[in-house]
Amino acid sequence: MTAVRGFLPALFLAAALTLSSGCAKKGQLIPPEALVPAPIGSLAVAQKGAEFQVSWSGPGRLEKGGKLEDLSGFLLYRRNVLPPAQDCEECPSAYKQLTLVDLDLPKAVRQVGGLWIYDDFDLRKGQAYQYKVRSFTKSGAQSKDSNKVRRTAVTPPLPPVLEAAGSPNEVTLNFVGLPPEQGVAAGYNLYRSKKGEPLPLAPLNKAPLTGNTYQDKDVILGITYNYAVTSVATVDGQTVESAPSNVTETGLVLPD
């Protein structure tokens, strides 16, 4: 009887160990680095008027592969680029956080399609700025730095003046701007949207328009469009746009 009593606890212990090890085999441990978002590689910056438009698209995958399910926001950083003898990108105080974007309540940024855009107005003419962005998840996992982009603030061209008139077959646009104060004039960019929608980020034209008139034939009767145009200049090898012109509303017009 004593032998049986000693045997039962040992039996129960062995069974418990077996069940415990069996449960452990059901799920594989996931290292924390496998849940980190992939670095963003789409960061870009362009000067439009007196601002820099800093844009990026969110990561869709994890750094180690697999779909990113719990993206929570972004951290955008900027640093002032100093002369070569003084510049120190790796110094701890080089980058300052411009903004924290919480996707549940995004502030200071706007979303156009799949792009997030931060409008940086805090610029000084002749100063070069460098940007980077990171994403983070709801669990706090933070990505590595994105690609880094650099831009020097210059004096942009003044906005042009736009006139638009509809006809049965096309919308005719006439525009004129002053020569740029800095750099060389490169032409104009034309933007179009349907009434009630924001103007797109990309212009209708693939290359700057060198004339002062444009006939838009890719329009539909019954739809009203908004048009705006910007002056484009080349300054020290950089393409710079003015702020948008006046916005003109029109569409195809049938004859009386």
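Residues numbered from 1 in each chain as written. Predicted model: local features only at pLDDT ≥ 70, side-chain atom pairs only at ≥ 80, totals over all residues. Heavy atoms only, no water.

Student: Just to check I follow, could you spell out the pairing of strand β3 (residues 71–81) for this structure?
Tutor: Regular strands place side chains that alternate from one sheet face to the opposite one. In terms of burial, β3 is a largely internal element, 9 of the 11 residues being buried. Relative to strand β7 (residues 128–137), β3 runs antiparallel, the two being bridged by 10 bridges. Residue pairing across strands places Tyr77 opposite Lys132, the latter belonging to β7. Judged from the 6 bridges that link them, β3 and strand β4 (residues 96–102) form a sheet pairing that is antiparallel. Bridging from a neighbouring strand, Phe74 pairs with Val101 of β4. (Buried < 20%, exposed > 50% of the residue type's maximum accessible area, 1.4 Å probe, protein only. Helix = DSSP H or I, 4+ residues; strand = E, 2+ residues; numbered from the N terminus. Pairing = 2+ DSSP bridges.)

Student: Is there a simple way to think about the sheet that holds β7 in this case?
Tutor: The strands making up a sheet associate through hydrogen bonds between their backbones, and the pairing can be parallel or antiparallel. Read from one edge to the other, the open sheet built from 4 strands follows the order β4-β3-β7-β8, with strand pairing classed as antiparallel. In this open sheet, the two strands that pair with only one neighbour each are β4 and β8 (149–152). Strand-to-strand twist across the sheet, computed as the mean angle between neighbouring axes with direction ignored, equals 25°. (Axes fitted to C-alpha atoms, helices over the stretch in contact; angles between N-to-C directions.)

Student: What is the right way to look at the pattern of salt bridges in this model?
Tutor: Pairing is possible between side chains of opposite charge, provided their charged atoms come close. This model, assessed by the stated rule, comprises 13 salt bridges. Between Lys217 and Glu170 there is a salt bridge, and its shortest N-O distance comes to 2.4 Å. A residue pair is termed long-range when its members are at least 10 positions apart, and Lys217 in the loop between β12 (213–216) and β13 (225–235) and Glu170 in the loop between β9 (161–166) and β10 (171–176) qualify at 47 residues. When the shortest N-O distance is used, the salt bridge between Lys195 and Glu249 registers 3.5 Å. (Salt bridge = Lys/Arg side-chain N within 4 Å of Asp/Glu carboxyl O.)

Student: Looking at this model, I keep getting lost on the packing of aromatic side chains. Mind explaining?
Tutor: The final tally for this structure, using the stated rule, is 6 aromatic pairs. Geometrically, the ring pair formed by Phe52 and Tyr131 is edge-to-face, given 6.4 Å between the ring centres and 65° between the ring planes. Of this pair, Phe52 sits in strand β2 (residues 51–57) while Tyr131 is found in strand β7, placing the two residues 79 residues apart along the sequence. Looking at Tyr131, the relative accessible area reads 0%, which means it is buried. Chaining the aromatic ring pairs together yields one cluster made of Phe52, Tyr129 and Tyr131. Its end group placed over the ring of Tyr77, Lys132 keeps NZ or CZ at 5.6 Å from the ring centre. In this structure, Lys132 packs its charged tip against the face of Tyr95, placed 4.1 Å from the ring centre. (Phe/Tyr/Trp six-rings, centres within 6.5 Å; stacked < 30°, edge-to-face > 60°. Lys NZ or Arg CZ within 6 Å of the ring centre and 35° of its normal.)

Geometric values such as these leave the question of function open.
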